[in-house]
Number of protein chains: 2
Amino acid sequence: MRALGDALGVAPGAIYWHFSSKEEIVGAVSALVLSDIDVTDTRDRSWHGELNDLAHAMRRAMHRHPNVAPVFGTQILTSIYGATLAERIMTILAEAGFSGDDLVHAYNAFTGTVLGWVTVELSRSPTVDMSWRDGLRAALDGLDASEYPALAAAMPHARNAAFMLRWDLAEINPLDDAFSFTISVLLDGLRARLRQR
Amino acid sequence: MRALGDALGVAPGAIYWHFSSKEEIVGAVSALVLSDIDVTDTRDRSWHGELNDLAHAMRRAMHRHPNVAPVFGTQILTSIYGATLAERIMTILAEAGFSGDDLVHAYNAFTGTVLGWVTVELSRSPTVDMSWRDGLRAALDGLDASEYPALAAAMPHARNAAFMLRWDLAEINPLDDAFSFTISVLLDGLRARLRQR
DNA sequence: ACCTGAACACCGTTCAAGT
DNA sequence: ACCTGAACACCGTTCAAGT
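Rules behind the numbers
- Residues numbered from 1 in each chain as written.
- Chains lettered and ligands numbered in written order.
- Predicted model: local features only at pLDDT ≥ 70, side-chain atom pairs only at ≥ 80, totals over all residues.
- Heavy atoms only, no water.
- Helix = DSSP H or I, 4+ residues; strand = E, 2+ residues; numbered from the N terminus.
- Buried < 20%, exposed > 50% of the residue type's maximum accessible area, 1.4 Å probe, protein only.
- Areas by Shrake-Rupley, 256 points an atom, 1.4 Å probe, with all protein chains shown as cover.
- Expected span 1.5 Å × (residues − 1).
- Contact = heavy atoms within 4.5 Å.
- Patch = residues over 30% accessible without salt bridge, like charges linked within 9 Å, V, L, I, M, F, W, Y side chains within 5 Å.
- Salt bridge = Lys/Arg side-chain N within 4 Å of Asp/Glu carboxyl O.
- Near = heavy atom within 4 Å.
- Polar contact = N/O pair within 3.5 Å; in protein donor to acceptor, adjacent residues only side chain to side chain.
- Nonpolar A, V, L, I, M, F, W, Y, C, P; charged D, E, K, R; others polar.
- Core = buried A, V, L, I, M, F, W, Y, C linked by side-chain atoms within 4.5 Å.
- Axes fitted to C-alpha atoms, helices over the stretch in contact; angles between N-to-C directions.
- Parallel < 35°, antiparallel > 145°, perpendicular 65-115°, else oblique.
- pLDDT = per-residue confidence, 0-100.

Quick notes on the overall build of chain A
Regarding its fold elements, chain A presents 10 helices and 0 strands. When its helices and strands are written in sequence order, chain A yields α-α-α-α-α-α-α-α-α-α. Scored against the burial criterion, the 197 residues of chain A give a buried share of 51%. Surface summary for chain A: the accessible area is close to 9100 Å², and the carbon and sulfur share equals 54%.

In structure tokens, the structure reads:
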């Protein structure tokens, strides 16, 4: 609040004439971030192709504003932009063939996975907090290969696919591949669910 | 810190003789929560059956301690308990047939989805924050069916499957079904990925 | 209508001083 | 070795008073 006041050349208390709480401001910022997601209708694409694009667009928006990312999910239906996004996702899933409870389940699976996965990803961002690195590196170095054989065997492959393991090797957007894999697996699962109906 | 000091019958500053920061305490608590997850080896089960049990066990642990849930992912490899869990997941996936980069990808997809989904779920828990409810209800009530037809059509089915929609109708553990669906879809996706190798 | 100035209650953290 | 007491810098927020 004080920093925001400074940036506006105004006393901290002055902000409370325009907004009633910090939470309200974060909500407003969140709506702005939501509005930054491209939800354009491209009906020539497959439904999983569209959802894939949407997932990546959501992730990009969250990466652009890592600080509001944690409240992203809470705010998704409280603004026109969020409702537009939700409507688009729901439409795509309905046209794909989902209906009834499964439609809502699919919606929740998609949004929950995208928002949640990226939230976890950003919560360990080096720009947010550097201190976990040393702790993790120490933990990995002290890891006994005879006691944790599967982890030890997986380590060499954790270079470009780092998440819970070895982020130290990838600096900028290190988790692009990991996210792409996750979304693609999720969409495969949804497709399988659609076939068995 | 002051509340913790009170609970221990001690001055706030006294805590800093035992821990160097609040963050360290949260990390220690996180390790305790991790230790509460059952990682027992049951080789008679299928790999997806085991991962499904593990996912639900992780979720239960997070629900038991909603306040440390957000740092859960960051702490997973910094304690023996976390490393044991990671080792177990990695072993199951390796035995299922994953190897190389895909093994790490699958690990990241699983842990990221479970931790992330539940983090989002808990971030909107009524016990944590009541205020979003009114805002959401107002947003839903003001939602024009002609402008958001897909959302409006899905609403009736959002009773027992509430997530981004209408939590107001389900109070205790309202998202059990939604989580089960998500994990089942994720595991279906991993199975499909395994077949096409 | 919009802002200032000053305060309030509350944080995590430090540190000399005690025992 | 372990704790107290008191302080420090910093939060979000309130509100009479100004213009």
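Here we look at helix H4 (residues 47–64) of chain B
Residues that lie three or four places apart on an α-helix share one face, since the helix turns once every 3.6 residues. Residue and element names in this part refer to chain B. Relative to the 26 Å expected for 18 residues at 1.5 Å per residue, H4 spans 26 Å between its end C-alpha atoms, a close match to the ideal helical length. Trp 47, Gly 49, Glu 50, Leu 51, Leu 54, Ala 55, His 56, Ala 57, Met 58, Arg 59, Ala 61 and Met 62 are the residues of H4 that are buried. In the core, the buried residues of H4 are packed alongside helix H3 (22–35), helix H5 (72–75), helix H6 (80–96), helix H7 (100–123) and helix H10 (176–195).

Examining a nonpolar patch on the surface
Residues A:Leu4, A:Leu8 and A:Val10 make up a contiguous nonpolar surface patch of roughly 240 Å² in combined accessible area. On the basis of relative accessible area, A:Leu8 is assigned to the exposed category, the value being 56%.

Regarding the environment of A:Asp188
Among the secondary structure elements, A:Asp188 is positioned in helix H10 (residues 176–195). Here the alpha-carbon distance between A:Asp188 and A:Tyr148, two residues 40 residues apart in the chain, equals 31 Å. Those residues within four positions of A:Asp188 in sequence are excluded, and the remaining contacts are B:Gly189 and B:Arg193.

As for the protein's contact with DNA strand C
Every residue near DNA strand C is listed here: A:Val10, A:Ala11, A:Gly13, A:Ala14, A:Trp17, A:His18, B:Met1, B:Arg2, B:Gly13, B:Tyr16, B:Ser21 and B:Lys22. Protein-adjacent atoms of DNA strand C, using a 4 Å cutoff, are sugar or phosphate at a proportion of 52%. Side-chain polar atom of B:Tyr16 to a phosphate oxygen of DNA strand C: 2.6 Å apart, as the coordinates give it. A distance of 2.8 Å is found between a phosphate oxygen of DNA strand C and a backbone nitrogen or oxygen belonging to B:Lys22. When the residues that make up the surface near DNA strand C are grouped by side-chain class, the tally is 6 nonpolar, 4 polar and 2 charged.

Looking at the nonpolar core
One recurring pattern in soluble globular proteins is that nonpolar side chains are buried together. In this structure, B:Leu51, B:Leu85, B:Ile89 and B:Phe110 are the most contacted members of the largest nonpolar core, which totals 52 residues. Put simply, the parts of the chain that give this core at least two residues each are helix H9 (149–154) and H10 of chain A together with H3, H4, H6, H7 and H10 of chain B. For this core, the element with the most residues is H7(B), which contributes 11 residues. The residues contacting B:Phe110, other than those within four sequence positions of it, are B:Leu51, B:Leu54, B:Ala55, B:Met58, B:Ile89 and B:Leu186. Grouped together as the second largest cluster of nonpolar side chains are 51 residues, A:Val68, A:Val104, A:Val118 and A:Leu175 included.

Examining the protein's contact with DNA strand D
By nearness alone, every residue bordering DNA strand D is listed as A:Met1, A:Arg2, A:Gly13, A:Tyr16, A:Ser21, A:Lys22, B:Val10, B:Ala11, B:Ala14, B:Trp17 and B:His18. A:Met1 places a polar main-chain atom, nitrogen or oxygen, 3.2 Å from a phosphate oxygen of DNA strand D. The separation between a phosphate oxygen of DNA strand D and a polar side-chain atom of B:His18 is 2.6 Å. For the surface near DNA strand D, the residue count by class is 6 nonpolar, 3 polar and 2 charged.

Some points on the packing of H10(A) against H7(B)
Interaxial distance between H10(A) and H7(B) falls to 9 Å at its minimum, and their mutual angle equals 75°. By the angle between their directions, the pair H10(A) and H7(B) is classed as roughly perpendicular. Across the interface between the two elements, A:Asp177, A:Ala178, A:Phe181 and A:Thr182 of H10(A) pack against B:Asp102, B:His105, B:Ala106, B:Asn108, B:Ala109 and B:Thr113 of H7(B). Partitioning the contact of H10(A) with H7(B) into residue classes produces 4 nonpolar, 4 polar and 2 charged.

Some details on the pattern of salt bridges
Counting across every chain of the model gives 14 salt bridges over all chains. One salt bridge connects B:Arg64 with B:Asp36, and the closest N-O pair in it is separated by 2.7 Å. Of this pair, B:Arg64 sits in helix H4 while B:Asp36 sits in the loop between H3 and H4, and the two are 28 residues apart along the sequence. Here B:Asp53 and B:Arg45 are joined by a salt bridge, their closest N and O atoms 2.5 Å apart. Here B:Asp53 falls in the partly exposed class, since its relative accessible area comes to 37%. Each of A:Arg59, A:Glu121 and A:Asp176 takes part in a single network of salt bridges with overlapping partners.

Concerning the confidence of the model for chain A
All names here are of chain A. When pLDDT is averaged along chain A, the result is 82, and 80% of the positions lie at 70 or above. Confidence, read as mean pLDDT per element, is least for helix H8 (residues 131–141) in chain A (55) and greatest for helix H2 (residues 15–18) (98). The model gives residues 125–132 a pLDDT under 50, and that stretch makes 8 contacts with residues more than four places away or in other chains. In this model residues 165–173 is a low-confidence stretch, pLDDT under 50, and it forms 21 contacts with partners more than four residues away in sequence or in other chains.

What to know about the environment of A:Gly97
Residue and element names in this part refer to chain A. Looking at where Gly 97 falls in the secondary structure, it is placed in the loop between helix H6 (80–96) and helix H7 (100–123). Of the residues examined, Gly 97 reaches a relative accessible area of 34% and is grouped as partly exposed. Measuring from C-alpha to C-alpha, the distance between Gly 97 and Arg 195 comes to 9.5 Å, with 98 residues separating the pair along the chain. Each residue touching Gly 97, except ones within four places of it in the same chain, is listed here: Leu 194 and Arg 197.

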